[in-house]
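Notes for the structure review
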Amino acid sequence: GAVVSQHPSRVICKSGTSVKIECRSLDFQATTMFWYRQFPKQSLMLMATSNEGSKATYEQGVEKDKFLINHASLTLSTLTVTSAHPEDSSFYICSARVLAGVETQYFGPGTRLLVL
Amino acid sequence: RKEVEQDPGPFNVPEGATVAFNCTYSNSASQSFFWYRQDCRKEPKLLMSVYSSGNEDGRFTAQLNRASQYISLLIRDSKLSDSATYLCVVNQGGGADGLTFGKGTHLIIQP
């Protein structure tokens, strides 16, 4: 299947700092990427849809000014958690949409964020 | 509210047995259906798509009932390596992107 990478794989930061997470499609171009968040023992929750060259679409309840998304190229989307707080600690996973036969999504390995 | 409901389990099953999971979804506009597998502290990985006519991939069989908004996964001759959380996933439909995930069913295969 398609390969999606994420960087960093884990990050620990102090409250109030900003953290940038990168999501890359390695062997294909992705016009659409998605950002999800997963709290312990919970399902993945879609945060936003990242579209190359246009503004991201955020799900209800997700603050667009806190979670900045930039999809500047066909292989890279970034999520910046601004002024992170302990409650932002979570597993952040990106995915890229692949249109080949049945549309599906392939996920990056995720980023574990711990805000102290 | 668009939801996907699954029995969280855990399902404790002896190696070699057959096990079945079900899920229901509330969004009638959903058009694409999937089963993903997620191992502990890892990202979800696509196990198989689910087609209206039902489909099989080796030991795994998936079925869809659109009228009842119900999806199933059957695993035959279960292996120890099948131990994982199985996520029922549907697209949001109605022109919206993104996937809606169930909370997953935890499967433990016992030797």
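Refer to the structure above for everything that follows.
This text gives an overview of the structure that appears in the document. (Residues numbered from 1 in each chain as written. Chains lettered and ligands numbered in written order. Predicted model: local features only at pLDDT ≥ 70, side-chain atom pairs only at ≥ 80, totals over all residues. Heavy atoms only, no water.)

A separate point is the overall build of chain A. When helices and strands are counted, chain A shows zero helices and 11 strands. Seen in sequence order, chain A has helices and strands lined up from the N terminus as β-β-β-β-β-β-β-β-β-β-β. Its C-alpha atoms put chain A at 45 × 30 × 25 Å along the principal axes. Within chain A, the fraction of its 116 residues that count as buried is 51%. Restricting the contact set of chain A to residue pairs at least 6 apart, pairs at least 24 apart contribute 53%. A total accessible area of about 5,800 Å² is found for chain A, and carbon and sulfur atoms account for 52% of it. (Helix = DSSP H or I, 4+ residues; strand = E, 2+ residues; numbered from the N terminus. Buried < 20%, exposed > 50% of the residue type's maximum accessible area, 1.4 Å probe, protein only. Contact = heavy atoms within 4.5 Å. Areas by Shrake-Rupley, 256 points an atom, 1.4 Å probe, with all protein chains shown as cover.)

Turning next to the layout of surface pockets. Taken as a whole, the largest pocket holds about 810 Å³ of empty space. Contributing elements (two or more residues each) for the lining of the largest pocket: β2 (10-13), β9 (90-98) and β11 (111-115) of chain A together with β9 (84-93) of chain B. Residues belonging to the lining of the largest pocket are distributed by class as follows: 11 nonpolar, nine polar and seven charged. (1 Å grid on protein atoms, 1.4 Å probe; cavity = no way out; pocket = protein on both sides within 12 Å on 5 of 7 lines; lining within 4 Å. Points joined across faces, edges and corners; volume = space filled by probe spheres on them. Nonpolar A, V, L, I, M, F, W, Y, C, P; charged D, E, K, R; others polar.)

Turning our attention to the nonpolar core. Grouped together as the largest cluster of nonpolar side chains are 25 residues, with contacts concentrated most on A:Trp35, A:Phe67, A:Leu79, A:Tyr92 and A:Leu113. When contributions to this core are tallied by element, the ones reaching two or more residues are β2, β3 (19-25), β4 (32-38), β5 (45-51), β7 (67-73), β8 (76-81), β9 and β11 of chain A. Leaving out residues up to four positions away in the same chain, A:Leu113 has contacts with A:Val11, A:Cys13, A:Val19, A:Val81, A:Asp88, A:Ser89, A:Ser90 and A:Tyr92. Formed by 22 residues, the second largest nonpolar core is a distinct cluster that contains B:Phe60, B:Leu73, B:Tyr86 and B:Ile109. (Core = buried A, V, L, I, M, F, W, Y, C linked by side-chain atoms within 4.5 Å.)

Let us look at the interface of chain A and chain B. When the parts come together, some accessible area is lost, and that loss is often what is quoted as the size of the interface. Opposite the 22 residues of chain A that make contact, chain B presents 18 residues. Across the chain A-chain B interface, the total number found is zero salt bridges. For the interface between chain A and chain B, the tally reads three residue pairs in polar contact (both at pLDDT 80 or more). When residues of the side of chain A that touches chain B are traced back to their parent elements, those giving at least two are β4, β5, β9 and β10 (104-107) of chain A. Partitioning the side of chain A that touches chain B into residue classes produces 10 nonpolar, eight polar and four charged. (Salt bridge = Lys/Arg side-chain N within 4 Å of Asp/Glu carboxyl O. Polar contact = N/O pair within 3.5 Å; in protein donor to acceptor, adjacent residues only side chain to side chain.)

Note: strands within a sheet are paired through backbone hydrogen bonds, in either parallel or antiparallel orientation. Residue and element names in this part refer to chain B. Spatially, β1-β3-β8-β7-β6 is the arrangement adopted by the five strands of the open sheet, whose pairing is antiparallel. Edge positions in the sheet fall to β1 (4-6) and β6 (55-57), since each of these pairs with one other strand and no more. Between one strand and the next, the sheet's axes are offset by a mean angle of 20 degrees, whatever the strand orientation. Where β6 lies against strand β7 (residues 60-65), three bridges are found, and the strand directions are antiparallel. Residue pairing across strands places Asp57 opposite Phe60, the latter belonging to β7. (Pairing = 2+ DSSP bridges. Axes fitted to C-alpha atoms, helices over the stretch in contact; angles between N-to-C directions.)

A few words now on the state of the cysteines. Tallied over the full model, the rule gives two disulfides over all chains. Note on cysteine connectivity: A:Cys23 is disulfide-linked to A:Cys94, with sulfurs 2.0 Å apart. Taking the sign of the S-S torsion, about 80 degrees here, the bridge from A:Cys23 to A:Cys94 comes out right-handed. Remark: A:Cys94 occurs in strand β9 and A:Cys23 occurs in strand β3; sequence separation between them is 71 residues. On the basis of relative accessibility, which here comes to 0%, the residue A:Cys94 falls in the buried class. One disulfide in the model links B:Cys23 with B:Cys88; its S-S distance is 1.8 Å. Of this pair, B:Cys23 sits in strand β3 (residues 19-25) while B:Cys88 sits in strand β9; the two residues are 65 residues apart in sequence, bridging distant segments of the chain. Between A:Cys13, a free cysteine, and A:Cys94, which holds the nearest cysteine sulfur, the sulfur-to-sulfur gap is 18 Å. (Disulfide = S-S within 2.5 Å.)

So, on to the pattern of salt bridges. One pass over the full model with this rule turns up six salt bridges over all chains. Between B:Asp39 and B:Arg37 there is a salt bridge, and its shortest N-O distance comes to 3.0 Å.

On to unusual backbone geometry, then. Residues and elements named next belong to chain A. The omega angle of the peptide bond from His7 to Pro8 is 0 degrees, so this bond is cis rather than trans. Relative to the assigned elements, Pro8 resides in the loop between β1 (4-7) and β2. Of note, Lys41 is a non-glycine position whose phi angle comes to about 60 degrees, a positive value. Positionally, Lys41 belongs in the loop between β4 and β5. At Ser83, a position not held by glycine, the phi torsion is positive, near 45 degrees. Along the polypeptide, Ser83 turns up in the loop between β8 and β9. Residue classification places Ser83 among the partly exposed residues on the basis of a relative accessible area of 33%.

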